[in-house]
Amino acid sequence: MDFKEEVVKLLKFRVKNPQIEIPPIGMGDYAFPCFSLAKELKKSPNEISKDIINKIKPNKYIEKIVSAGPYVNFFINKEILTQDILKKILKEKDKFGSVNEGKNKKIVIDMSSPNIAKPFGIGHLRSTIIGNSLSKIYTKLGYKTIKINYLGDWGTQFGKLIVGYKKWGNASLLKENPIKHLLELYIKANDKEYEPDARDWFKKLEQGDKEALKLWKLFKELSIKEFNKIYKILGIKFEVISGESFYNKKMDETIKKLKNKHLLKESEGALVVNLEDYNLGVCLIQKSDGTTLYATRDITAAIDRNNKYKFNKMLYEVGSEQKLHFQQFFKVLELMGYSWYKDCIHVSHGLYLDKEGKKFATRKGNIVYMEEILKETIDIAKKTIEKKNPKLKNKDEAARKVAIAAIFFGDLKNNRVHDIVFDIEKFIDFEGNTGPYIQYTYARASSILRKAGKKNSFSVKELNEKEILLINKLNIFNEIIISAARQNSPAIIANYTYELAQLFNEFYHSCPVLKSDNEWFRLALVQATRQVIKNGLNLLGIDVLEEM
RNA sequence: GGGCCCGUAGCGCAGCCUGGAUAGCGCAUCUGCCUUCUAAGCAGAGGGUCGCGGGUUCAAAUCCCGUCGGGCCCGCCA
């Protein structure tokens, strides 16, 4: 039942495409502001509003129509809405909110992308969890999504690393704590003094030198092993694990294509694509020593992915500091004649900044280790559980889920584009506008349902204010998902889910369910709300708990 | 120097795309509520020139221009 459409129909006699809005709480369900008609009708909006209500009559779906100053406010039939929406949710369950706009369409999401031989830092967290959530959101809309973890496993840094390892490397330290050791070597070797050596080794690596390759492979394997520990805790899986190195052998082909299109220009010994006509500077394709750069690799990867997946959209979930890079290489794709360049989108996010408000810099050893953050947050979650619900089963798994909810939600509730100052205190906050608050709400709802007897069919009687607010909120879940997808913004889901939980807690507090007069109806409402909270959290990559 | 992004209560944010009716929420502070469905909760109080200045509009936190403050980027890193 589309109530808004009913309102539009009622107004048709006066306006073809009336702009309908949602009035403040308590003033109705839909509103039509009359300002826009004032000039044409040469009357005040207040008069127009009065005229309109005299000309239209309430019907089965629109119960009441009132004039409120310059607005016409519509009150819909809540019983019909309630029946409709509760039945739908209880029938569709986990699928509620699904749409099939994305049928037979593919979306590639380039995300996470930690750098080999460096710790998984807080910087990669955003890309990982935003990408993961977007994947779930698009899947809900019927798209097939392919999450690609595009590892930073190629580049001059490996020259530095090899130099460092050859100079100070220690096999047993490497085995013991590979990332820590490699990071030390990297920081040590990250000195002007070793630059020529490092370049040399990277060149050898690109040319397939056996020793260089062997070390590189070792570093890569050890790193992936470490990363997988983190992904397991986060509960995130990828359809494809790839890396920049994957395209090493195809790079020549890209350069050849660029040459054929007459896009390449030599400049100070390097090969560049000049984008100054587009205000995008120059895109460096090949260094003067003949080795490649990430733009080359990204271009190559994009072409390959388009061939392989025939995607409808490719999202790059990467920090905003790389904005220019993406603008440049999308432009190069366009100039190369690939019309699908416009399906490539840089879904940028703000940075995690340190306490001074500056970017974290691995080179300077200024890093926050994801592994430690996870451990600390899970520890605090465990302690909280011990305190609040000592009898809970599977405390370790519950602690993990609560911690992940805190971290994921704490990030996803923010608008993507904002920078976030990293503060561990925020991760271990479980009260108020947090993931655990929502999980707790779910657990409360579950608890009611466990204690309820047999559920029967319900009939909708007079609804109180709290019930109406809940119903209205449940009713917009579909729109919320679509809006989140349009804006590539999990924050929209996060904030919706929080507000829904808030409304449920208010209802929970003021409306007894079990043994109440309309127990069956309220049970259905609890069940439906619980379901939508679950669906919302799942879109964020957060698990629910039946008890906590 | 050029480009992009951000600026809403003490702090952290939502709302801005798609302009409308008293600008929402959380933390912190103060006050109530656990013999009834989990107090990780609920109710209430205080706290705002929506950075600043112009413009567009019947109407601006929202759109446009300028300005200040912060962040990021600007060829051989990714």
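Rules used throughout
- Residues numbered from 1 in each chain as written.
- Chains lettered and ligands numbered in written order.
- Predicted model: local features only at pLDDT ≥ 70, side-chain atom pairs only at ≥ 80, totals over all residues.
- Heavy atoms only, no water.
- Domains from an automatic or database assignment.
- Near = heavy atom within 4 Å.
- Polar contact = N/O pair within 3.5 Å; in protein donor to acceptor, adjacent residues only side chain to side chain.
- Nonpolar A, V, L, I, M, F, W, Y, C, P; charged D, E, K, R; others polar.
- Patch = residues over 30% accessible without salt bridge, like charges linked within 9 Å, V, L, I, M, F, W, Y side chains within 5 Å.
- Areas by Shrake-Rupley, 256 points an atom, 1.4 Å probe, with all protein chains shown as cover.
- Salt bridge = Lys/Arg side-chain N within 4 Å of Asp/Glu carboxyl O.
- Lys, Arg positive; Asp, Glu negative; His and termini not counted.
- Charge placed at Lys NZ, Arg CZ, Asp CG, Glu CD.
- Helix = DSSP H or I, 4+ residues; strand = E, 2+ residues; numbered from the N terminus.
- Pairing = 2+ DSSP bridges.
- Axes fitted to C-alpha atoms, helices over the stretch in contact; angles between N-to-C directions.
- Buried < 20%, exposed > 50% of the residue type's maximum accessible area, 1.4 Å probe, protein only.
- Core = buried A, V, L, I, M, F, W, Y, C linked by side-chain atoms within 4.5 Å.
- Contact = heavy atoms within 4.5 Å.

**As for the domain arrangement of chain A**
Accessible area lost on assembly of the parts is the figure often given for the size of an interface. For chain A, the domain assignment lists domain 1 (3–76) and domain 2 (106–353). Computed over C-alpha atoms, the centres of domain 1 and domain 2 are 55 Å apart.

**Comments concerning the protein's contact with RNA strand B**
Around RNA strand B, 71 residues are found, and the nearest of them are Y71, K287, Y294, Y440 and S447. The share of sugar and phosphate among atoms of RNA strand B within 4 Å of the protein is 62%. With respect to RNA strand B, the side chain of K451 contributes an N or O atom lying 2.6 Å from a phosphate oxygen. Here the residues of the surface near RNA strand B are counted per class, giving 31 nonpolar, 20 polar and 20 charged.

**As for a negative patch on the surface**
A surface patch of like charges, here negative, comprises E371, E372, E376, E425, D429 and E431. Tracing the sequence through the fold places E425 in helix α16 (residues 424–427).

**Re the sheet that holds strand β9 (residues 282–286)**
In space, the 3 strands of this open sheet follow the order β7-β8-β9, with antiparallel pairing throughout. If you trace the sheet from one side to the other, it starts and ends with β7 (264–267) and β9, each paired once. On average, each strand axis in the sheet is inclined to that of its neighbour by 45 degrees, with strand direction left out of account. By the bridge criterion, 4 bridges tie strand β8 (residues 270–274) to β9 in an arrangement that is antiparallel. Bridged to N274 within β9 is V282.

**Some remarks on unusual backbone geometry**
Glycine aside, a negative phi is what most residues show, and trans is what most peptide bonds show. Look at S113: it is not a glycine, yet its phi comes out positive at around 45 degrees. Structurally, S113 can be placed in the loop between β4 (106–111) and α5 (122–140). A positive phi is found at E268, a non-glycine position, where the angle reads about 50 degrees. Relative to the assigned elements, E268 resides in the loop between β7 and β8. According to the relative accessible area criterion, E268 is exposed, its value standing at 80%.

**Here we look at the nonpolar core**
With 130 residues, the main nonpolar core has F32, F74 and L86 as its most contacted residues. Structurally, this core is a two-domain feature, drawing no fewer than three residues from each of domain 1 (3–76) and domain 2 (106–353). Residues within four places of L86 in sequence aside, it is in contact with F458, I471, L474, F521, A524, L525 and A528. Judged by nonpolar contacts, the second largest core, of 34 residues, contains I148, I285, A295 and Y309.

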